[in-house]
Amino acid sequence: MNKKALLKKKLLGTPYFIWSAIFILVPLGMVFYYGLTDRTGSFTLENVLAISTPEHAKALGIALLLSLIATLICLLLAYPLAMILCGQKNGRQSFIVLIFILPMWMNFLLRTLAWQTLLEKTGVINSILNFLHLPSLNIINTPYAIVLGMVYNFLPFMVLPIYNALSKIDGNVINAARDLGANPIQVFMKITLPLSIPGIISGITMVFIPALTTFVISKLLGGSKILLIGNVIEEEFTQASNWHLGSGLSIVLMLFIIVNMLLTAIFDKDGEGSFL
Amino acid sequence: MSKVLIDLKNISKSFDGQMVLDDLNLYIRENEFLTLLGPSGCGKTTTLRILGGFETPDKGCVIFDGKDITSLPPNKRQLNTVFQRYALFTHMTIAENIAFGLKIKNKSKTYIDDKIKYALKLVNLDGFERRMPDSLSGGQQQRIAIARAIVNEPKVLLLDEPLGALDLKLRQDMQYELIRLKNELGITFIYVTHDQEEALTMSDTIVVMNQGYIQQIGSPEKIYNEPENAFVADFIGDSNIISSTMIEDKLVEILGTRFPCVDTGFGKNKPVDVVIRPEDVILSRPGTGKIKGTVTHLIFKGVHYEMEVAAAGFEWLVHSTGMFPVGTEVDIDVDPFNIQIMNKPASEDEEAAGINE
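All values reported here derive from a predicted model rather than from experimental measurement. (Residues numbered from 1 in each chain as written. Chains lettered and ligands numbered in written order. Predicted model: local features only at pLDDT ≥ 70, side-chain atom pairs only at ≥ 80, totals over all residues. Heavy atoms only, no water.)

Helix and strand counts for chain A come out as 13 helices and zero strands. If you list the helices and strands of chain A from N to C, you get α-α-α-α-α-α-α-α-α-α-α-α-α. Expressed as lengths along the three principal axes of its C-alpha atoms, the size of chain A is roughly 75 × 70 × 30 Å. The buried share of chain A, reckoned over its 276 residues, is 41%. Working note: accessible area of chain A is about 15600 Å², and carbon and sulfur atoms make up 73% of it. Of the charged side chains in chain A, 17 are positive and 12 negative; the average position of the first set lies 12 Å away from that of the second. (Helix = DSSP H or I, 4+ residues; strand = E, 2+ residues; numbered from the N terminus. Buried < 20%, exposed > 50% of the residue type's maximum accessible area, 1.4 Å probe, protein only. Areas by Shrake-Rupley, 256 points an atom, 1.4 Å probe, with all protein chains shown as cover. Lys, Arg positive; Asp, Glu negative; His and termini not counted. Charge placed at Lys NZ, Arg CZ, Asp CG, Glu CD.)

In structure tokens:
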């Protein structure tokens, strides 16, 4: 291709480049500017290091713990489901995938609010339990409710990459393993599971990162008692109006995300998660 | 003749109401190179998958070495398969691929290491232990797939169009390689292909299949020289298939001209199909043969010339080392023993079923 044609092709990307400059690069630059300066505008690492104060460290710790638990539960739910999905015929397969994607078309906030209504002390679930003379469920405003919200909202992001990875495995590779004497458990442990690792890794990333950074789920389902690192950052921006501290903590959170993304890049070479 | 190792009895199989195999009977001898040959959808791969244990027949049974193995899962059968497109384990090294079956059987490490060395030497890929499958060419991957199967010392090796994905030259090399391997290992090979040349080159026995029925079983020579019906004649090599009349024993009328032949027992004045291979058609100067014709096409094919001759209302396909230019008047003759007489199928179904069974 000659230079002129190449330039023309690049020109087509201009709207996107302008968009990402304004809405990605500039805000990112601002986060770093605020995060690394104090109110007088001089350079400081104070805002970043503020993560080590007990209050912030605890919020980060809880966020890491809850999002890890949610990720693990998602993985345990998603893997068998993805396997079942792969075993179905094409028509039914796309129907089940549709059912899983359907909730994703609804607003995230709305879905979480719905769970709040469902879980409330006098909410739908408890009304039903009371009606059946069963003990009521008091999980609203507890870490359980937050994990439930995370799992509910992010499960499809775990199912789809694993499903992608599994459906790419050639049926004859499985047959070859059986042919060579492997029983179903050995086939799973030695062939299916190792070959689906790229999908697992990208599924973990796609659940773990939004779960780690969420503040809406913890706010709506955790009451105001349980603060995740996302809530702390949000409060610094909206209530304390301390953009410097909020940005500093965001940089710390970003480090966790970058590490996770690097891991994905190493393991998911086939881009199982690239469907989004 | 060696003893019968595998016996397929009355095997029927259908998928979604579509009959793929209908009452198939076939036995395979020990140390035989048997090829299932046919167009796609003829049931050859299904037959192989039933042997491998990947499909269960709707009816009938599979007898292996005197035991009924019809419902035995693949991991409990004493045979191994080489799949189309190799099916190597891409997350394992070549050595791990070959060791897979042996590790499952809990063989000792020294035994496995020896076997890997032996198998790699056998397929001419010494020193490939640490390579990954993705870094190998198609031909090399296929050899590894063969090595991975034979280290388990199966009594039978099933090969499902193993050379289908390779280019022509490599395919021919691998054909000789497979014959050598079979002779060195001394085991039974069951080979599935749609390539008639491959089948003729390698097999001891060819089973020609079409639409779920066996059309003919025989040695390559027999299948080629004495096809039992028009399907076999047409599928194996080029041929002139001409509707004719059997006047009496050893005399057939082809396109209005009587030819002496060698076949008997068809009855008198019976409609038959006649097969004449293109290389068996003798062209000569006008006045010296039996039917007059005109050359309409001429192509140089390397080994021979391919000509089409219009004679008595039929386009004769002729292969010959001698050449007649387009437009030349020629006479056609055929030696009696090169005329192969076949019964006419009464209907298409009967054609599929193979009427001479």
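Residue and element names in this part refer to chain B. Per the counting criterion, the structure on display carries 20 salt bridges over all chains. Of the charged contacts, one joins Asp65 and Lys3 as a salt bridge, the two residues approaching to 3.1 Å between their closest N and O atoms. Of this pair, Asp65 sits in the loop between strand S4 (59–64) and strand S5 (67–68) while Lys3 sits in the segment before strand S1 (4–15), and the two are 62 residues apart along the sequence. Taking the relative accessible area as the measure of exposure, Lys3 reaches 45% and is therefore partly exposed. (Salt bridge = Lys/Arg side-chain N within 4 Å of Asp/Glu carboxyl O.)

Taken as a whole and assessed by the stated rule, the structure comprises 16 aromatic pairs over all chains. A ring pair is formed by Tyr79 of chain A and Phe188 of chain A, whose centres lie 5.7 Å apart and whose planes are at 90°; its orientation type is edge-to-face. You can see Tyr79 of chain A sitting in helix H4 (residues 54–87) and its partner Phe188 of chain A sitting in helix H10 (residues 184–213), a full 109 residues away along the chain. Note on Tyr79 of chain A: relative accessible area 8%, which makes it buried. Aromatic side chains Phe89 of chain B and Phe100 of chain B sit 4.7 Å apart centroid to centroid with 50° between the ring planes, which places their arrangement in the tilted category. Remark: Phe100 of chain B occurs in helix H2 (residues 94–104) and Phe89 of chain B occurs in the loop between strand S6 (79–82) and H2; sequence separation between them is 11 residues. Assessed through its relative accessible area of 0%, Phe89 of chain B is described here as buried. Relative accessible area serves as the criterion here: at 4%, Phe100 of chain B is assigned to the buried category. Here the guanidinium or amino end of Arg277 of chain B rests over the ring plane of Tyr224 of chain B, the centre of that ring lying 4.1 Å away. (Phe/Tyr/Trp six-rings, centres within 6.5 Å; stacked < 30°, edge-to-face > 60°. Lys NZ or Arg CZ within 6 Å of the ring centre and 35° of its normal.)

This part takes up a nonpolar patch on the surface. Residue and element names in this part refer to chain A. A cluster of nonpolar side chains, contributed by Tyr16, Phe17, Ile18, Trp19, Ile22, Phe23, Ile24 and Leu25, occupies part of the molecular surface with about 920 Å² of accessible area. Note that Leu25 resides in helix H2 (residues 14–35). Leu25 gets classed as exposed once you look at its relative accessible area, which sits at 57%. (Patch = residues over 30% accessible without salt bridge, like charges linked within 9 Å, V, L, I, M, F, W, Y side chains within 5 Å.)

This part covers the side chain of Lys182 of chain B. Residue and element names in this part refer to chain B. Looking at where Lys182 falls in the secondary structure, it is placed in helix H5 (residues 168–185). Within the buried set, Lys182 has no salt-bridge partner at all; the shortest N-O distance to an opposite charge, 4.2 Å, is to Asp204. The residues contacting Lys182, other than those within four sequence positions of it, are Asn31, Glu32, Phe33, Ile187, Phe189 and Asp204. (Contact = heavy atoms within 4.5 Å.)

Residue and element names in this part refer to chain B. Ordered by their spatial adjacency, five strands build an open sheet running S13-S12-S11-S14-S20, and the pairing between neighbours is antiparallel. The strands lining the two open edges of the sheet, one partner per strand, are strand S13 (257–260) and strand S20 (340–343). In this sheet, adjacent strand axes meet at a mean angle of 45° when their direction is disregarded. One ladder, built from four bridges, connects strand S14 (residues 270–276) with S20; its direction is antiparallel. (Pairing = 2+ DSSP bridges. Axes fitted to C-alpha atoms, helices over the stretch in contact; angles between N-to-C directions.)

As a further point, take the interface of chain B and chain A. Between chain B and chain A, the residue contacts involve 24 residues of the former and 17 residues of the latter. Buried area between chain B and chain A, both sides added, is near 1700 Å², and the carbon and sulfur share of it is 61%. Linking chain B to chain A there are zero salt bridges. Where chain B touches chain A, the interface holds four residue pairs in polar contact (both at pLDDT 80 or more). Breaking the side of chain B that touches chain A down by element, the ones donating at least two residues are S6, H2 and helix H4 (138–150) of chain B. Here the side of chain B that touches chain A is composed, by residue class, of 11 nonpolar, nine polar and four charged. (Buried area = accessible area lost by both parts, 1.4 Å probe. Polar contact = N/O pair within 3.5 Å; in protein donor to acceptor, adjacent residues only side chain to side chain. Nonpolar A, V, L, I, M, F, W, Y, C, P; charged D, E, K, R; others polar.)

This part covers the confidence of the model for chain B. The predicted coordinates of low-pLDDT regions are not to be read in fine detail. Averaged over every residue, the pLDDT of chain B is 90; the share at 70 or more is 96%. Across the interfaces of the predicted complex, the ipTM metric reaches 0.80, alongside a pTM of 0.79. (pLDDT = per-residue confidence, 0-100.)

Here we take up empty space enclosed by the protein. Residue and element names in this part refer to chain B. One pass over the structure, following the stated rule, counts one cavity of 30 Å³ or more. Roughly 40 Å³ of internal volume is contained in the largest cavity. Forming the boundary of the largest cavity are Leu48, Arg49, Phe54, Thr81, Phe83, Leu158 and Asp160. Counting only elements with at least two residues in the lining of the largest cavity, the list comes to helix H1 (44–52) and strand S7 (156–160). Tallied by class, the residues present in the lining of the largest cavity amount to four nonpolar, one polar and two charged. (1 Å grid on protein atoms, 1.4 Å probe; cavity = no way out; pocket = protein on both sides within 12 Å on 5 of 7 lines; lining within 4 Å. Points joined across faces, edges and corners; volume = space filled by probe spheres on them.)

So, about the sheet that holds strand S19 (residues 329–334) of chain B. By definition, the strands of a sheet pair up through backbone hydrogen bonds, in either a parallel or an antiparallel sense. Residues and elements named next belong to chain B. Pairing is antiparallel across the open sheet formed by five strands, whose spatial order is S15-S19-S16-S17-S18. Two strands close off the open sheet at either side, each with one partner strand: strand S15 (281–284) and strand S18 (314–320). Pairwise comparison of adjacent strand axes, ignoring direction, gives a mean angle of 45° for this sheet. Here S15 runs beside S19; their pairing, made up of four bridges, is antiparallel. When the sheet's bridge partners are listed, Ile282 is paired in S19 with Asp333.

Glancing now at the side chain of Glu198 of chain B. All names here are of chain B. Its place among the elements puts Glu198 in helix H6 (residues 196–202). The exposure class of Glu198 is buried, given its relative accessible area of 3%. Separated by 2.6 Å, the side chains of Glu198 and Tyr191 make a polar contact. Of the polar contacts made by the side chain of Glu198, one reaches the side chain of Thr193; its length is 3.1 Å.

A general feature of soluble globular proteins is that nonpolar side chains tend to end up buried together. Grouped together as the largest cluster of nonpolar side chains are 67 residues, with contacts concentrated most on Met150, Ile162 and Ile191 of chain A together with Phe89 and Phe100 of chain B. The dominant element in this core, judged by the number of residues it contributes, is helix H8 (residues 143–167) of chain A, at 13 residues. Once you skip the residues sitting within four places of it in the chain, Phe89 of chain B turns out to touch Val173, Ala176, Ala177, Leu180 and Ile191 of chain A together with Asn97, Phe100, Pro133 and Arg148 of chain B. (Core = buried A, V, L, I, M, F, W, Y, C linked by side-chain atoms within 4.5 Å.)

Residue and element names in this part refer to chain B. Along the chain, Val156 falls in strand S7. For Val156, a relative accessible area of 0% corresponds to the buried category. Put simply, Val156 and Leu79 are 77 residues apart on the chain and 4.9 Å apart in space, counted from C-alpha to C-alpha.

The next subject is the environment of Asn75 of chain B. Mapping Asn75 of chain B onto the fold places it in the loop between S5 and S6. As for Asn75 of chain B and Gly101 of chain B, which are separated by 26 residues in sequence, their C-alpha atoms are 9.6 Å apart. The residues contacting Asn75 of chain B, other than those within four sequence positions of it, are Arg178, Gly181, Ala182 and Asn183 of chain A.

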